[in-house]
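Here are the chains, one letter per residue:
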Amino acid sequence: MPAAPRNTLLLVACFFALYVIWGSTYFAIRIGVESWPPLLMGGVRFIVAGSILFGWMRARGVPMPTLREWRGAGVIGVLLLSCGNGGVSLAEHSGISSGVAALAVATVPLFTLLFGLLFGHRNTRLEWAGIVLGLIGIGLLNLGSNLQASPLGATLILAAAASWAFGSIWSRRVPMPQGPMASAVQMLVGGAVLLAVGLLGGERMTTAPTTAGWLAEGYLIVFGSIIAFSAYGYLLKHVRPAAATSNAYVNPVVAVLLGIAFLDEHVGVPECLAMAVIISAVLLISLPQWRRKPVAG
């Protein structure tokens, strides 16, 4: 009986991490790329976070991943972190606001359904309705001045969402380590690829990051990578899948509010309409999942 309140508090803390921390990472990235080269910033972030998590898991006695597991988790790390998070950093570096970036990434569930067709998944009518509604939302988002001002950023942010979705689906079909060790390997490989691509692309640290830049990077390492990823993994095991992935329609709201409050970002009518449409679409395709039983703990 005494464990119940503790478990409830843990669930509340995990949802806070999923909603607020992940929603605020777009804000932190926007601050960080002002003094960090975007790919080097992501590379350092994931290599440091991955090293800490990897060392912690090994100290707890978790076995070293096999070469096959390294390869599988590494491929997923490139899709999720190198292409996914790296694309977000590049897009925000090109001028895309943190709120609009989060809103574009909220299309991940829509891309997930579309890519699921490649693996034999058959969408329901409700899911197809959500996909169509989501595509309308993407169209509205592109009518806004934010994406029109940076066509490259718009392409990068949508490609990042598509890469995250494809990596999420494929991750179920490749051999990977169990538990947090999979996240550690993904971060190590994804971070290494980000560093390599950044250096080959000419990114260099010509000046030291500002204090705000260091704080943003530290926040992304500790809170955005280690804590939020761990919270996400815990929720996947203890709540309905739809609840664990509900950050897709909460993160944009958090990111937009932080951008308006602290970065003087402006959201126009097209962006507001797009937010309502995309969030409605993601909620629509999530409705059937809420009827499923919670995953056994």
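Residues numbered from 1 in each chain as written. Predicted model: local features only at pLDDT ≥ 70, side-chain atom pairs only at ≥ 80, totals over all residues. Heavy atoms only, no water.

Caption draft 1: Fine view of the side chain of asparagine 251. Relative to the helices and strands, asparagine 251 resides in helix H12 (residues 251–262). Leave out the neighbours within four places in its chain, and asparagine 251 touches Leu18, Tyr19, Trp22, Gly23 and Ala102. (Helix = DSSP H or I, 4+ residues; strand = E, 2+ residues; numbered from the N terminus. Contact = heavy atoms within 4.5 Å.)

Caption draft 2: Fine view of the environment of proline 151. Structurally, the position occupied by proline 151 is in helix H8 (residues 151–170). What makes proline 151 exposed here is its relative accessible area of 55%. (Buried < 20%, exposed > 50% of the residue type's maximum accessible area, 1.4 Å probe, protein only.)

Caption draft 3: Structural detail: the packing of helix H5 (residues 108–116) against helix H6 (residues 125–143). Put simply, H5 and H6 touch, their axes get as near as 10 Å, and they point 125° apart. For the element pair H5 / H6, the angle class is oblique. The element H5 and its partner H6 pack so that their crossing is left-handed. Contacts between H5 and H6 involve Leu110, Leu113 and Leu114 on the former and, on the latter, Glu127, Trp128, Gly130, Ile131, Gly134 and Leu135. Its residues placed into classes, the contact of H5 with H6 shows 6 nonpolar, 2 polar and 1 charged. (Axes fitted to C-alpha atoms, helices over the stretch in contact; angles between N-to-C directions. Parallel < 35°, antiparallel > 145°, perpendicular 65-115°, else oblique. Left-handed = near helix turned anticlockwise from the far one by under 90°. Nonpolar A, V, L, I, M, F, W, Y, C, P; charged D, E, K, R; others polar.)

Caption draft 4: The nonpolar core, seen in detail. In this structure, Tyr26, Val88, Leu141 and Ile157 are the most contacted members of the largest nonpolar core, which totals 38 residues. Contributing elements (two or more residues each) for this core: helix H1 (3–32), helix H3 (67–93), helix H4 (98–105), H5, H6, H8, H12 and helix H13 (269–286). For leucine 141, the contacting residues outside a window of four places in its chain are Val100, Leu103, Ala104, Leu147, Glu271 and Ala274. Membership of the second largest hydrophobic core comes to 31 residues, among which are Ala182, Val185, Phe229 and Ala231. (Core = buried A, V, L, I, M, F, W, Y, C linked by side-chain atoms within 4.5 Å.)

Caption draft 5: Up close: the packing of aromatic side chains. Under the criterion given, the structure shown has 10 aromatic pairs. When the ring of tryptophan 36 is compared with that of tryptophan 214, the centres are 5.2 Å apart and the planes differ by 80°; the resulting orientation is edge-to-face. Here the residue tryptophan 36 occupies a position in the loop between H1 and helix H2 (38–59), and tryptophan 214 occupies one in helix H10 (residues 211–238), the gap between them amounting to 178 residues. For tryptophan 36, a relative accessible area of 6% puts it in the buried group. Taking relative accessible area as the criterion, tryptophan 214 reaches 49% and is therefore assigned partly exposed. Both rings, one in phenylalanine 54 and one in tryptophan 70, keep their centres 5.9 Å apart while their planes meet at 45°; by these two values the pair is tilted. Highlighted residues: phenylalanine 54 in helix H2 and tryptophan 70 in helix H3, separated in sequence by 16 residues. Its relative accessible area of 16% is what places phenylalanine 54 among the buried residues. Among the aromatic residues, those joined into a cluster by ring pairs are Phe111, Phe115, Phe119, Phe166 and Trp170. (Phe/Tyr/Trp six-rings, centres within 6.5 Å; stacked < 30°, edge-to-face > 60°.)

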